[in-house]
Every structure is written in structure tokens, then in C-alpha cells.
2 protein chains.
Amino acid sequence: MADWAKLGAKTKREVLLARAFLAAVAEPPAPALAGFVARHGPQRVVEAIQRGKAPPDVMAEVEARCEDVSAEQLLDATEVAGARLVVPEDDEWPHSAFEDLAGAREVGLPEVAEPIALWVRGRADLATALDQAVAVVGARAASGYGEHVSAEFGHGLAQAGFTVVSGAAYGIDGAAHRGALAAGGRTVAFLACGVDVDYPAGHGRLLRAVAEQGAVVSEYPPGTSPRKHRFLVRNRLIAASGRAAVVVEAGARSGAGNTANTADSLGRPVLAVPGPITSKNSVGCHGMVRSGRAVLVTSIEEVVEAVSPIGSPGPVETVGTHRRTDGLKPHAQRLHDSLRGMEGASADELARDCGLPLGEVRALLPELEMSGFAVRSDRGWSVAR
Amino acid sequence: MADWAKLGAKTKREVLLARAFLAAVAEPPAPALAGFVARHGPQRVVEAIQRGKAPPDVMAEVEARCEDVSAEQLLDATEVAGARLVVPEDDEWPHSAFEDLAGAREVGLPEVAEPIALWVRGRADLATALDQAVAVVGARAASGYGEHVSAEFGHGLAQAGFTVVSGAAYGIDGAAHRGALAAGGRTVAFLACGVDVDYPAGHGRLLRAVAEQGAVVSEYPPGTSPRKHRFLVRNRLIAASGRAAVVVEAGARSGAGNTANTADSLGRPVLAVPGPITSKNSVGCHGMVRSGRAVLVTSIEEVVEAVSPIGSPGPVETVGTHRRTDGLKPHAQRLHDSLRGMEGASADELARDCGLPLGEVRALLPELEMSGFAVRSDRGWSVAR
């Protein structure tokens, strides 16, 4: 693709108009249109559509709206919404995040076709923001536990330098964004409606804060209302944007489960946070771990480990606490156990109690005394307190 | 081995005396002694020890106590304790549970050597009780959540016909026993002290109830006090007795983790119950799942599935709830989403909203009306409520 910075203003404008038209004319995902655009470029595809000369599968995707869409009006509305249109020709386009969507479309997963263009509201450069990102998703009707964990993960991942990607919904999504914001980090929200639509209604302030420290992104033109199926369609952008998808809480059947499946089919690790088995909010997470679709994670460190290049150091198992007697050999520990259970015992009594040969007990006792585990008195041997 | 029922009373008495002596003279596990007994039988081994003619590794295991142990006194004390001595020659010996311990000793795991004999207090026949058993173990300092889950699992497994095996400790163990008792099922407690010792002190009543509906079992002679290392040694009997070991709650470093590792090395499935990642009581369970040592389980059905013969039916994933619109094809669902977002819309408006060709929308609307998803009025199309 040509270097965006070197293109003249007129050419840029032509590309933007063409992409705006194409993004608005078909309901995403539009696999036939996306493939046609990938092969011929946006301007030629617009021409073909307007002359009714595009292939039938493309025409079926654009037929309903092609009379109504005005690219000029779309770019005006974009400006009014305080947004910009980001296109694949632009340096700001997050190629590394989305090229797997095009690849999946080509190998027969039309439902995850790449977006034609993205409307972006926010300060962050999208390519930079999504270069090192982790998706954190989960149930809207989350538990207090789930919201707490999501906020902690959002905070910790942002502190570790990752952009937190989510869907701005109530519950887990909102908590993840808020955690990242509180850490002063970057966060990106992908919407199932226009970037100028405050949805959910109670998250208007949150969305403005996300735009301040990151970006609010949508493949739907400004003014587009949310629709049920758009949430599922939008999920593929979240799944593709993260190096991994962390599912904090998910019921038996959930949008987060859908995002996780898409992430999995795109080759992104799916990480699931466990919870009480008595909570319906963790049923989906546990099911993913049991079926092998997700890896169980319990800390930010484990998430970072999962998205770090293979071979980078990181402990898998939680380290237990160290006890003073850990250094003792098995027989010395056994003798120490007997000392703990007796008071002023002879070597003979200790040998019978722990079942070790008397000679060995006589040799071990001074060793335990020297290392501060046993004390000798007139009454006999006792454990050192 | 000879048929126990056909042996004369005198021979039985000889075997019991020999086994009682051998069980008491060495501190378990006594791998050299166990191997020597497996090769030569208990009576000949007692003779060899008393003449000082046993191999040096065996003599080292028995040296400290061989002057003090009186087999006759042990059998008297057994009777006084209301217990019986169960030996491998006896039909009541749970061969299927313990033969893997002998096998592990032979291939170089001396720390899990088989017991020489077992003291049993309780009504249940030990072989029958342990024929279909599941070990349920976990932290002493359990959370309310952990105790609740443990009691539920104990109850459900007992109802499903399994004997619940545990260690009678406070917390998870006690809750598992109590759950099984409440279900009127069978439960077996393995102790790290004599079967006549109420340990922990607050569980005296529980242990009597376990003996009523199952068995209280120990490889330590009556009167033996608990010692720290004896809990770890006892754990191998719990691990070997269950077809699987369920860990309900375990900290980063715990006895339950030790039981799980032993179960794993004996080829028993280890099943771990997840919990909140904010609880230190679940750190061990989560670590086992992450390292692949344990399978995550969230219900009694999943435990039963894990211990059932391969090929028996059982769903792995929790089934989600079914929605009315599940039967609709993708485009019909998309149109239905648009109907939900509009009120009294024309086919044309609906086509533009959902991005489907007008002809297709016109064909789908009557279908949705017939199946009760859409209604037509003077104002246009709306969703059926």
C-alpha cells in the first residue's frame, strides 16, 4: 500500500470518501465486499457498485443501502462527532491486529471478515495503541468479585504497558476500562454502534474518559444504533485486537464466550479467570478451561506471561511460603517432629517414638542442637522454641 | 494368598500377631520391611528380625523398637479400642486400593510403600467400602465457601454410591465426611494416629459417626500420637484409596497438595475445585490446574464422570440456556434485531437498517410473522412481544 503521508490531499480525500461509502453501505461483516475491496481497492469498487457492475454476492451485501449513502455527508458527520475515519491506507491502521481477520475470511470464515474502515474518537494513535494490547471481556451482569478482578487486571495490565481493549459494556468491560484509566494507562473501547452514541447510556462519561486516554472505535458510521447482532459482530474486532483475550466472568452462554471462541480461532490465547463454582457468572470460564479452549489464569503476571514471547522467563506455579525446617533432611525432620511432641526426652525414647535407629538419633541430635532446632537440658532433649 | 476363611483359628492368630508386631515395630512407610514381608510372609520375617538375621536395611527400620513391641499386648489393646486388625491375608483387605502402593515401592518410590496392616474401627467391610471410593481433601483453615462445596460434594458422591475417603481434619476433610454422613452414605477416615485417639480433639463425635456408617482406619497401633510427618505418610493411603482425589481448597503449600501429588504418581486422576483468585485457599487448586497436574471440576457430575470407565456417557460442557430465537437463521435473526429496534417500520426501512436486500426482507417478514416473531399493523412491522 502507498505511503499515506506522501499521498496528496486530494487522493487522501478520495480514499476516505470511498471507504466511508463502503463501510456504511454494507452491514458488517461483509465478506464478499471486503474481498472485492482487497483485490481492487476502494475507489474502483465504489465505481463498480454505483454502475451495478459488482459481482452478485457483493451487490447482495450493498443493495439495500446503496441509494441512500452519501460519502460526503458521512465525512461531515464524522467531523461533527469529533471523530476521524481511519482506513487501511493510513499509517494509523492497526495492520498487525486485523490482518488475521482477512486471513480467516480467505480460508473460509466469512463471519470474521476484516472491517472496511474504522471510526475513531480519541487521542491515541490506533496502530500504536493496539501494538501491545490485551482484551479483557466478560459478563454485563457481573458479580462484585468479577468487577473487582476486572478492574485489578485492567489496572495491572495498563501498568505493565499493555493497552486494555474491551467493549464498554456494564460489568466486566466497564471495570477493565476503569482500571486502565485509573492506572493512567491506555484503553480502547470497540462499540456496536456509532462512536457518537453513548451506549450503554450510563457509560457516556466513561467513554469520554476512554477517548481522552485512548480511543473509542467502531466500524459503524456515526449515529448507528446498537443492534443485538452487532455486539457479536463487534466482538471479532476485540478478539483480533488483543494478543490474548482474558475472560473474567462469563455465564453458560455469553457474548464473552463468543469473543473467546473468535480469539481462539484467530490463534490468540484465551485466558479464563476462575471463580466460585457456586456462581453462575463463572460457569462459562470454567467450561472453557475444562474443554481446553482456555488456560486458567489467576494473576496479572500469568496474563503477561501468556502474551510474552516464548522463552521469556516467568514462573508458572505460585511459590509456597518457606519454612525454617525445609532445609532439614527427611530423618532429621522426623526426629524434629518427635521433639515437638515430647518434652525432656532421652535419645532412646526419641528413637522409639520416631522409629529411627538409636545410633542415628544420637548422631542427629547434636546436629539439630547446633542448627538451633533442639535444646538439651538436665531433663533431656526438647524442641527449641 | 490363602483363602482367609479356610484358615484355622490358630493360623489366623499367628498371622495377626506377626502383622501386628511388624506394623508397630517400624515407623511407616517402611519400604525395606514391606518388600521383605512381601517376599517371605509375615511369620518368617518376624523370626528373622527377632534373631537379628534380617537384611541390614530392614534391621535399620526396626532396630529402635524391636525390644519393646509385644504383639499379644497390641491385639489386646486393639480389642479394648473397639477395633480390629485387618491384614492382607484377610478377605477384608482392600487389595485393589493398595496394590499400586506396592507397585510404586518396587519401581523406586519407597515413600509410598504399602502398609503392613491396618487398624479398623467401624461397621463397614473395608474391601467393600473402598471398592468404589473417591478421596475428598483440602485445607484445614478452609473458607466458608470451601466447607460448603466439600459438604455438597461429600453428600452428592455418597448419594451416587461412592464412599467418601478423607482425613478427618478440620475444614474440608470434616465437611466431606459430614456431607456423606448426612446423605446416609459411606465414609472412611484415615488417621495419622491410633484409631482410638480423638484427633483433632473436636472431632471425637464425628469419628464415632464415621465408624457407625463406615470406618476409621490407621496403620498406627492404638494409642499412637499424631506427628507432623505422620500426616504426610498417612496421605498416601487416602490417595491410593480413591479412584480420584478431589482437592476442594488448598493453599500454596498444603497437605492436600501432597495427597494430590501422590494420587497423581499412582495414576489416580486429581480433580481440583476452583475458587476466587482473591482467596489464598484456592491458590493450590489453581496451581495444580495450571501445571496440568489436576483437572478442573465444578460439579459432582464432573467428578463422577472422571471416575467412571472410559466411554461412559457424560457431558463435559455445561449446557447453556436455550432462547426462542435460536432456531432462526442468521439473516432472520438480523432482521429480528432490526424489528426489536424499530416500531411500525416498512420493509424498505427494515432492509436499510439491517443491510439485507429488500427482496430478502420481503420474503423473511411473513415467515417471521407466521412463526410469531413479527406483527404487521396499519403503521407497519413491529416485533411480536
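Residues numbered from 1 in each chain as written. Chains lettered and ligands numbered in written order. Predicted model: local features only at pLDDT ≥ 70, side-chain atom pairs only at ≥ 80, totals over all residues. Heavy atoms only, no water.

Naming follows an unreviewed UniProt entry, where chain A appears as DNA-processing protein DprA of Saccharopolyspora oryzae. According to the UniProt record, the Sequence similarities (unreviewed entry) comment for chain A is "Belongs to the DprA/Smf family." (UniProt positions renumbered as here; feature names shortened; annotations may be inferred.)

Turning our attention to the interface of chain A and chain B. If you look at the interface, chain A gives 60 residues, while chain B gives 60 residues. Of the roughly 4800 Å² buried where chain A meets chain B, counting both sides, 53% is carbon and sulfur surface. On the surface where chain A and chain B come into contact, there are eight salt bridges. A salt bridge links Arg352(B) to Asp68(A); the nearest nitrogen and oxygen atoms lie 3.5 Å apart. (Contact = heavy atoms within 4.5 Å. Buried area = accessible area lost by both parts, 1.4 Å probe. Salt bridge = Lys/Arg side-chain N within 4 Å of Asp/Glu carboxyl O.)

Quick look at empty space enclosed by the protein now. Residue and element names in this part refer to chain B. Going through the model one piece at a time under the given rule, you end up with two cavities of 30 Å³ or more. In this structure, the largest cavity encloses a volume near 80 Å³. If you go around the largest cavity, you meet 15 residues; those closest to its centre are Pro-28, Ala-30, Pro-115, Ile-116 and Glu-219. Secondary structure elements with two or more residues in the lining of the largest cavity: helix H1 (9-25) and helix H2 (31-40). Of the residues contributing to the lining of the largest cavity, the split by class is twelve nonpolar, no polar and three charged. Taken as a whole, the second largest cavity encloses approximately 70 Å³ of empty space. (1 Å grid on protein atoms, 1.4 Å probe; cavity = no way out; pocket = protein on both sides within 12 Å on 5 of 7 lines; lining within 4 Å. Points joined across faces, edges and corners; volume = space filled by probe spheres on them. Helix = DSSP H or I, 4+ residues; strand = E, 2+ residues; numbered from the N terminus. Nonpolar A, V, L, I, M, F, W, Y, C, P; charged D, E, K, R; others polar.)

The transformation that overlays chain A on chain B combines an axial shift of 0.1 Å with a rotation of 180°, and the residual RMSD is 0.1 Å. Taken together, the rotation and translation describe the operation of a two-fold axis. Taking C-alpha positions as the reference, the residue of chain A nearest the rotation axis is Gly275(A), at 2.2 Å. In this assembly, 100% of the residues forming the interface of chain A have copies in chain B that are likewise at the interface, indicating an isologous arrangement. (Least-squares fit on C-alpha atoms with pLDDT ≥ 70 in both.)

Residue and element names in this part refer to chain A. Under the criterion given, the structure shown has 42 salt bridges over all chains. Residue Glu-92 pairs with Arg-84 through a salt bridge whose shortest N-O separation is 2.5 Å. Between Arg-379 and Glu-343 there is a salt bridge; the shortest N-O distance is 3.7 Å. Of this pair, Arg-379 sits in the loop between strand S10 (374-377) and strand S11 (380-383) while Glu-343 sits in the loop between helix H15 (330-341) and helix H16 (347-354); the two residues are 36 residues apart in sequence, bridging distant segments of the chain. Arg-379 gets classed as exposed once you look at its relative accessible area, which sits at 55%. Several salt bridges converge on common partners, so that one network encompasses Glu-27, Arg-65 and Arg-230. (Buried < 20%, exposed > 50% of the residue type's maximum accessible area, 1.4 Å probe, protein only.)

Right, let's talk about the pairing of strand S4 (residues 163-166) of chain A for a bit. Regular strands have side chains that alternate between both faces of the sheet. Residue and element names in this part refer to chain A. The alternating pattern of S4 places Thr-163 and Val-165 and Val-164 and Ser-166 on opposite faces, both of which are buried. You can see the chain leave strand S3 (residues 133-137), run along helix H8 (residues 144-159) and come back into S4, and the turn it takes is right-handed. In the sheet, S4 pairs with strand S5 (residues 187-190) via three bridges, with the strands oriented parallel. Across the sheet, Val-164 pairs through a bridge with Thr-187, a residue of S5. (Right-handed = clockwise from strand over helix to strand, strands pointing away. Pairing = 2+ DSSP bridges.)

Residue and element names in this part refer to chain A. Between helix H1 (residues 9-25) and helix H5 (residues 71-80), the shortest axis-to-axis distance is 8 Å and the interhelical angle comes to 95°. For the element pair H1 / H5, the angle class is roughly perpendicular. Where H1 approaches H5, its residues Arg-13, Leu-16, Leu-17, Ala-20, Phe-21 and Ala-24 are matched on the opposing element by Ala-71, Glu-72, Leu-74 and Leu-75. Its residues assigned to classes, the contact of H1 with H5 comprises eight nonpolar, no polar and two charged. (Axes fitted to C-alpha atoms, helices over the stretch in contact; angles between N-to-C directions. Parallel < 35°, antiparallel > 145°, perpendicular 65-115°, else oblique.)

A separate point is the domain arrangement of chain A. Structurally, chain A comprises domain 1 (70-307) and domain 2 (324-383). Centre-to-centre separation of domain 1 of chain A and domain 2 of chain A, based on C-alpha positions: 60 Å. (Domains from an automatic or database assignment.)

One open sheet holds the nine strands; their spatial order is S1-S2-S6-S5-S4-S3-S7-S8-S9 (chain A), and the pairing between them is mixed. Whereas interior strands pair on both sides, the edge strands pair on one side only; in this sheet they are strand S1 (84-86) and strand S9 (295-296) of chain A.

The geometry of an aromatic ring pair comes down to the distance between the two centres and the angle between the two planes. Residues and elements named next belong to chain A. Enumeration over the complete set of coordinates arrives at six aromatic pairs over all chains. Relative to Phe-190, the ring of Phe-98 lies with its centre 6.4 Å away and its plane at 70°, an arrangement referred to as edge-to-face. Taken together, the residues span a long stretch of sequence, with Phe-98 in helix H6 (residues 95-106) and Phe-190 in strand S5 at a distance of 92 residues. In this structure Phe-190 comes out as buried when scored by relative accessible area, which is 0%. Between the aromatic rings of Tyr-199 and Phe-231, the centroid separation amounts to 5.8 Å while the plane-to-plane angle is 50°, which identifies the pairing as tilted. Here Tyr-199, found in the loop between S5 and helix H10 (204-213), pairs with Phe-231, found in helix H11 (residues 228-241); they are 32 residues apart in sequence, far enough to count as distant. Using a relative accessible area of 37% as the deciding quantity, one classes Tyr-199 as partly exposed. The rings of Trp-93, Phe-98 and Phe-190 are connected pair by pair, giving a single aromatic cluster. (Phe/Tyr/Trp six-rings, centres within 6.5 Å; stacked < 30°, edge-to-face > 60°.)

As a further point, take the sheet that holds strand S9 (residues 295-296) of chain B. Residue and element names in this part refer to chain B. With mixed pairing, nine strands are arranged side by side in an open sheet as S1-S2-S6-S5-S4-S3-S7-S8-S9. Of all strands in the sheet, those with a lone pairing partner are strand S1 (84-86) and S9, marking the two edges. Together, strand S7 (245-247), strand S8 (270-272) and S9 form the strand contacts of helix H13 (residues 283-290), whose direction differs from that of S8 by roughly 125°.

Moving on, we come to the confidence of the model for chain A. Within chain A, residue pLDDT values average 93, and 96% of them lie at 70 or more. Predicted confidence for residues 313-319 of chain A stays below pLDDT 50, and this span has nine contacts to residues more than four positions away or in other chains. (pLDDT = per-residue confidence, 0-100.)

On to the UniProt feature "domain: Smf/DprA SLOG" (unreviewed entry) in chain A. What UniProt calls "domain: Smf/DprA SLOG" (unreviewed entry) maps, in this numbering, to residues 86-307 of chain A. The span residues 86-307 of chain A is 42% helix and 14% strand, and its two end C-alpha atoms sit 27 Å from each other.

For the rest of this paragraph, the subject is helix H3 (residues 42-50) of chain A. Residues and elements named next belong to chain A. All of the buried residues along H3 are Pro-42, Val-45, Val-46, Ala-48 and Ile-49. Summarising the axial view, the buried residues of H3 lie within an arc of 165°, below the 170-degree limit, and thus occupy one face. Structural note: H3 exposes Arg-44 and Gln-50 on the side pointing more than 90 degrees away from its buried face. Where H3 is buried, its residues touch H1, helix H2 (31-40) and helix H4 (56-62). Of the residues flanking the end of H3, it is Gly-52, one or two places downstream, whose phi is positive at about 70°. (Arc of directions from axis to C-beta.)

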